[in-house]
2 protein chains.
Amino acid sequence: MLKNKMKELLKIEYPIIQAPMAGGITTSKLVAEVSNSGGLGMIGAGYMTSIQIQEQIREIRQLTSKPFGINLFVPNDFDIIEDQIKSANRPLNQIRKQLNLKPKESFEISNSHDVSHTFMEQIKVVIEEKVPICSFTFGIPSHEVMAELKQSHITLMGTATTVREAVENEKAGMDIVVVQGSEAGGHRGSFIDSDKESLVGLMSLIPQVVDNVKIPVVAAGGIMDGRGLMASICLGAKGVQMGTAFLTCVESGANQVHKEAILSANEDHTVLTRSFSGKWARGIKNKFILEMQEHEKILPDFPIQNTLTQDIRKTSAARNDPDFMSLWSGQNLRLAKNQTVSMLIKNMIAEANILSSLEEL
Amino acid sequence: MLKNKMKELLKIEYPIIQAPMAGGITTSKLVAEVSNSGGLGMIGAGYMTSIQIQEQIREIRQLTSKPFGINLFVPNDFDIIEDQIKSANRPLNQIRKQLNLKPKESFEISNSHDVSHTFMEQIKVVIEEKVPICSFTFGIPSHEVMAELKQSHITLMGTATTVREAVENEKAGMDIVVVQGSEAGGHRGSFIDSDKESLVGLMSLIPQVVDNVKIPVVAAGGIMDGRGLMASICLGAKGVQMGTAFLTCVESGANQVHKEAILSANEDHTVLTRSFSGKWARGIKNKFILEMQEHEKILPDFPIQNTLTQDIRKTSAARNDPDFMSLWSGQNLRLAKNQTVSMLIKNMIAEANILSSLEEL
C-alpha cells in the first residue's frame, strides 16, 4: 500500500471527491453522505451568497463529522456593453415566446466590482466557518486571498484544463490540482487556455500534467466507476473528482428531468455550449442549445449571459421541460445510475480492488 | 495471468498494436521492428496500390517471421461536383502562390467507381499474400468481402468512434474493434456518427463500448507509454493501438519536420480539420489549417479534397516547411520521444509491469 498524499491532505478514506456542482445540486444530504461514505463531499457555492453558504455549512455539520469542502468561482473581469446585451437578448426573447413568457428587456446585472465583493464575502465565511478544504474554478485567487486562506490552514485545490494552467496553480500555492479533461460535464474550468478547440482528453491530460507538477493531481471528466478510478491512478493521478456520477444519485438536488435526461442519453449526445452562461460548458444537446448555436459568438461573457438566461432556465425547470434547461453532463453517461451515494462509493471501491489485483499483461 | 483473447487472436506477445498510419510512415522497417519486438506492426495501406502493397508485404517478410497486419480505407460514396471543386480550389491557389507554385485548375480525380475498384484490388492482394490480420477505417466492407476474408482465415479488426459504430462492427463479424478516442491523431475513423461535436474522450469511450460488445476492444488515442496501456486495461480494453508514439520513432518514415513538430509541441496545439483531405483529422495547428478554417464547410468530401491538396502537401514536405503539411498528431505529444521501436516497447512493458503490481487505494 503506497502513501497517498492527496488522501492525507484531505483526511479521507477513499480518493474520491464529489465535484462541486453549482445551482442546487450539492444538497447538504449529498455532501454529508459522500463524506460519511469515505469520500469528500463538496458544496458547489459558486452562485451562493455568504449567508446561504453559512447556513449550508452548519446544516452539513449536523449530518457529518467528517471533512468536506467548498468550491468558489474566481471572478473574471468583464464589461457590461448595452448593445451586446440587446443583441444577445433578441434570440432569448424568441425562446421566451415559446415558453409563453413575456419578452424581457431589462436586467439587473451585477458589475465586476459587485462580483468581486461577493467573492470576498464568500472567502470570509469559508474562513470563519473553518471549512477544511476550499477549491477554485475559473482561475486562481489573488496572492493576498491565497495567503489568508493558507494562514487559516485551509487545504486549497485549483482547477486546470492544460499543463500550463496546472503549473500556474502549483506556483500560486495550491495543495492539489484537479485536471479537467474534455469529457467533463458542466463548465470548463479554463482560465488561461480557453480556446474551445484545445480541449484535451483526460487520458492525455493526466500524464502530461503529472510529469510537470509536484503537487497531487486529481482527475476529473467522465469518471463514473472503479474502472475510471483505477485508470486515473495508473495514469498518475492520486484520486478522482466525479460530477455526473453523483448528480444522478438519490441524494443529489438535481432536477428529476435532468437526472432522467442523463440516464437515457448516449455517449455522443453532449456538446459544448456557451449559450447558457457565457462560458463554455458541456451538456446534453437540447432545443435551447440548438437554437442559440448560431448566436454563440455574439453572446456576452460570464456571468452576464448567465443572468440573461436565468428566467428561461428556471421556468423550463419548474415546468419539467428539458428543452430549455442546462442539462450538464459528462461524456460517460451510459454508466450513470440512480443509486445511493453509499452504493456508488462501495461499488467503486470493490471494483477498484478487484482491478488492482489483476495482472493482465 | 488472465487469458487475453486479443493477444491470442493476433498471436502477439504484448497487447500493443502500431497504428496503421497511411502516407509513407509505416515503412517495412517500422512494421517489422514492431512485430519483432512483440507487438503487432501494421501497414497503413489506405493510399497504396495493390502492387505497392504486394512489394511491401514481401519486404516485411524478409525482415520478420512474426505476424503483422494491414489497414485499408473502406470507400465511401461521393459525387464529383465541379462547382464545389472550383470553390475549394480558390483558397488553395492562394496557398500555392505563397509556395511559389503555379495556380492549378484541373485535377485527375478518381470517381467512386475507381476507388471501389482499387479497394477490391487491395483486398485481393491481402488474400493472395495471406496477410494474417486486416483492419479497416471509415466503415465496414460489404458482406461479400467480409465473408471472403473470413474464408481465408484473416483476423479482422474494425474501427469505431462511438458505441453504435462498435456494435455495427461486431454485428458485421469483426474479430476485434479498435475504439478511437477524441485524443487520436490523424483521421477520425467515424462512419455513422461523424458529427465533429460528438467526439468522445477515450476514458469515457472504452467502458461504454466494453459494456456493449463481446469482441475484444483495443484502445486508441493519445496512448504513449505503460501508464496509458495499464489505464486502458483497467477500463476494460484488451490492448492499445498507438500512432503518434510510433510516428516519432527512429524507424518511422514520417518526415523529419513532422517528427520535430510533434517533439516540440504541447498538449493543446492540435486541432481537428477537414481541410487536408475532406475528412476530419487531428493535427498540429499550422498556417494551412488556419488559412483554410473559414472555407472548411464548402470543401468537397474525401478523397476529392485530398487530391486537391496533394501538390501543396508534397511541395511543403519536400521543402521541409511545416506550414502547409499535414502534421497529424494525437493530444499526448509531450510524451513523444525519438527512440527506437524496441526501446519504446521495452519501456512500456516495464512500466506496465510496475503499475500492475501497485495497490494504491
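Residues numbered from 1 in each chain as written. Chains lettered and ligands numbered in written order. Predicted model: local features only at pLDDT ≥ 70, side-chain atom pairs only at ≥ 80, totals over all residues. Heavy atoms only, no water.

Chain A goes by Probable nitronate monooxygenase in an unreviewed UniProt entry, where it is assigned to Ornithinibacillus massiliensis. Quoted verbatim from the Cofactor (unreviewed entry) heading of the UniProt record, the comment on chain A is "FMN". Under the Catalytic activity (unreviewed entry) heading, UniProt states for chain A: "3 propionate 3-nitronate + 3 O2 + H2O = 3 3-oxopropanoate + 2 nitrate + nitrite + H2O2 + 3 H(+)". (UniProt positions renumbered as here; feature names shortened; annotations may be inferred.)

(A) A look at the relation of the copies chain B and chain A. When chain B is fitted to chain A, the residual RMSD is 0.0 Å, and the transformation amounts to a turn of 180° plus an axial shift of 0.0 Å. Seen this way, the second copy is the image of the first under a two-fold rotation axis. The rotation axis passes nearest to the C-alpha of Ala231 of chain B in chain B, at a distance of 2.0 Å. In this assembly the copies share their binding face: 100% of the residues contributing to the interface of chain B also contribute to that of chain A. (Least-squares fit on C-alpha atoms with pLDDT ≥ 70 in both. Contact = heavy atoms within 4.5 Å.)

(B) How the structure looks around the sheet that holds strand E7 (residues 186-187) of chain B. All names here are of chain B. As summarised here, the arrangement of the three strands in space is E7-E11-E10, forming an open sheet in which the pairing is antiparallel. The outermost strands of the open sheet, each flanked by one partner alone, are E7 and strand E10 (270-273). Bridge count for E7 against strand E11 (residues 281-284) is two bridges, and the pairing is antiparallel. Bridge pairing in E11 places Gly186 opposite Arg282. (Pairing = 2+ DSSP bridges. Helix = DSSP H or I, 4+ residues; strand = E, 2+ residues; numbered from the N terminus.)

(C) The pairing of strand E9 (residues 239-242) of chain A, seen in detail. Residue and element names in this part refer to chain A. By the alternation rule, side chains of E9 split into Gly239 and Gln241 and Val240 and Met242, which are all buried. Judged from the three bridges that link them, strand E1 (residues 16-18) and E9 form a sheet pairing that is parallel. Following the sheet pairing, Ile17 is matched in E9 by Gln241. Relative to E9, strand E8 (residues 217-220) runs parallel, the two sharing three bridges. Looking at the pairing, Val218 lines up with Gly239 of E9. Between the parallel pair E8 and E9, the chain is carried across by helix H9 (residues 226-234), and the sense of this crossover is right-handed. (Buried < 20%, exposed > 50% of the residue type's maximum accessible area, 1.4 Å probe, protein only. Right-handed = clockwise from strand over helix to strand, strands pointing away.)

(D) View of the packing of aromatic side chains. Residue and element names in this part refer to chain B. Taken as a whole, this structure holds 16 aromatic pairs over all chains when the rule is applied. A ring pair is formed by Phe73 and Phe302, whose centres lie 6.1 Å apart and whose planes are at 75°; its orientation type is edge-to-face. Residue Phe73 is found in strand E3 (residues 68-73), and its partner Phe302 is found in the loop between helix H12 (287-292) and helix H13 (304-308); the two are separated by 229 residues along the sequence. As far as the burial class goes, Phe73 and Phe302 line up, both buried. Centroid distance Phe138 to Phe302: 5.4 Å. Interplanar angle 55°. Geometry classified as tilted. (Phe/Tyr/Trp six-rings, centres within 6.5 Å; stacked < 30°, edge-to-face > 60°.)

(E) Geometry of the interface of chain B and chain A. Taken together, the contacts link 58 residues of chain B with 58 residues of chain A. Taken together, the two surfaces of chain B and chain A that pack against each other cover about 4,900 Å², and 54% of this comes from carbon and sulfur. At the boundary of chain B with chain A, the tally comes to two salt bridges. Residues Arg227 of chain B and Asp211 of chain A are paired through a salt bridge, measuring 2.9 Å at the closest nitrogen-oxygen approach. (Buried area = accessible area lost by both parts, 1.4 Å probe. Salt bridge = Lys/Arg side-chain N within 4 Å of Asp/Glu carboxyl O.)

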